[in-house]
Amino acid sequence: MTTYDTSAPLRSRTHTWQPRPDMTPEILGMSGLEILRASLKGELPGASMMSTLGFRLTEAAEGVAVFEGDPGDHLLNPMGTVHGGFLATLLDSALGSAVMTLLPAGTAYTTVQLGVHMIRPVMADTPTLRCEGTALHVGRTTATAEARVTGTHDGKLYAHATTTCAILRTG
């Protein structure tokens, strides 16, 4: 059995986030697209999950949400590739946010089904990945969307996914 050098210095990773504000009447009166655009402008904090895993919202338009994520060795699974959960979370974020862009004020969503297909491995040194989600159907009680993760450096497809979301009327 191979013996590994365990004397290498430990590495650490620190991240910060701004806590989500209380749901004020102003926020409750915003559409999903308005909330995402306010986040892009820095007027509202982004979801804390983004800083935890190292990805960010870069675009939001009607029916579309785009995120970019940076793989790294802090995301490795036991086989030495980036854990599929990173891609699944990136995809779920783009899918749900694409649906969110079409929701009126007083409406929320939650994922009820997520189907992910990993196409090629992501390594610790893989450059930034782009994930674009597109809403396909947003109805009164359910919504569906699809998303793709591509390399910003090579344009190759790394993963794709679909979702079904439940629409929740909160107002």
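Here, residues in each chain are numbered from 1, in the same order as that chain's written sequence. Thresholds applied to this predicted model are a pLDDT of at least 70 for local features of residues and 80 or more for the giving and counting of side-chain atom pairs; totals over whole chains, interfaces and linings are not thresholded and use all residues. With hydrogens and water stripped out, all remaining heavy atoms of the structure feed into the side-chain values.

In the nomenclature of an unreviewed UniProt entry, the protein chain corresponds to Phenylacetic acid degradation protein from the organism Streptomyces virginiae. UniProt positions are given in the numbering used here, feature names are shortened, and annotations may be inferred rather than shown by experiment. On record in UniProt, under Sequence similarities (unreviewed entry), the comment for the protein chain is "Belongs to the thioesterase PaaI family."

(A) The arrangement of the pattern of salt bridges in detail. Each salt bridge in this description consists of a side-chain nitrogen of Lys or Arg and a carboxyl oxygen of Asp or Glu lying within 4 Å of one another. Across all of its chains, the model carries five salt bridges by this definition. Taking the shortest distance from any N to any O, the salt bridge between Arg130 and Glu59 comes out at 3.3 Å. Highlighted residues: Arg130 in strand β4 (residues 129–138) and Glu59 in strand β1 (residues 55–61), separated in sequence by 71 residues. Between Arg130 and Glu132 there is a salt bridge; the shortest N-O distance is 3.2 Å. Here the salt bridges do not stand alone but share partners, grouping Arg56, Glu68 and Asp70 into one network. Secondary structure follows DSSP: runs of H or I at least 4 residues long count as helices, runs of E at least 2 residues long count as strands, and numbering of each begins at the N terminus.

(B) Inspection of helix α2 (residues 32–41) at higher detail. Relative accessible area decides the class of each residue, using a 1.4 Å probe on protein chains only: under 20% of the type maximum gives buried, over 50% gives exposed, and in between gives partly exposed. For α2, the complete set of buried residues consists of Gly32, Leu33, Leu36, Ala38 and Ser39. We call two residues in contact whenever any of their non-hydrogen atoms come within 4.5 Å of each other. Next to the buried residues of α2 lie β1 and α4 (84–100). Just past α2, the residue Gly42 takes up positive phi, approximately 85 degrees.

(C) The UniProt feature "domain: Thioesterase" (unreviewed entry) in the protein chain, seen in detail. As recorded in UniProt, the sites labelled "domain: Thioesterase" (unreviewed entry) are residues 79–151. Counted over residues 79–151, helix gives 23% and strand 44%. Its end C-alpha atoms are 21 Å apart.

(D) Up close: α4. Helix span, as expected, comes to 1.5 Å for every residue beyond the first. With 17 residues, α4 should reach 24 Å at 1.5 Å per residue; the first-to-last C-alpha distance of 24 Å fits that figure. With 13 of its 17 residues buried, α4 lies for the most part within the structure.

(E) The arrangement of the pairing of β4 in detail. Between any two strands, at least two bridges found by DSSP are needed for them to pair. The sheet contact formed by strand β2 (residues 64–69) and β4 spans six bridges and is antiparallel. Its bridge partner lying in β4, Glu68 is registered against Arg130. Hairpin connection of β4 to strand β5 (residues 142–151): three residues between the antiparallel strands.

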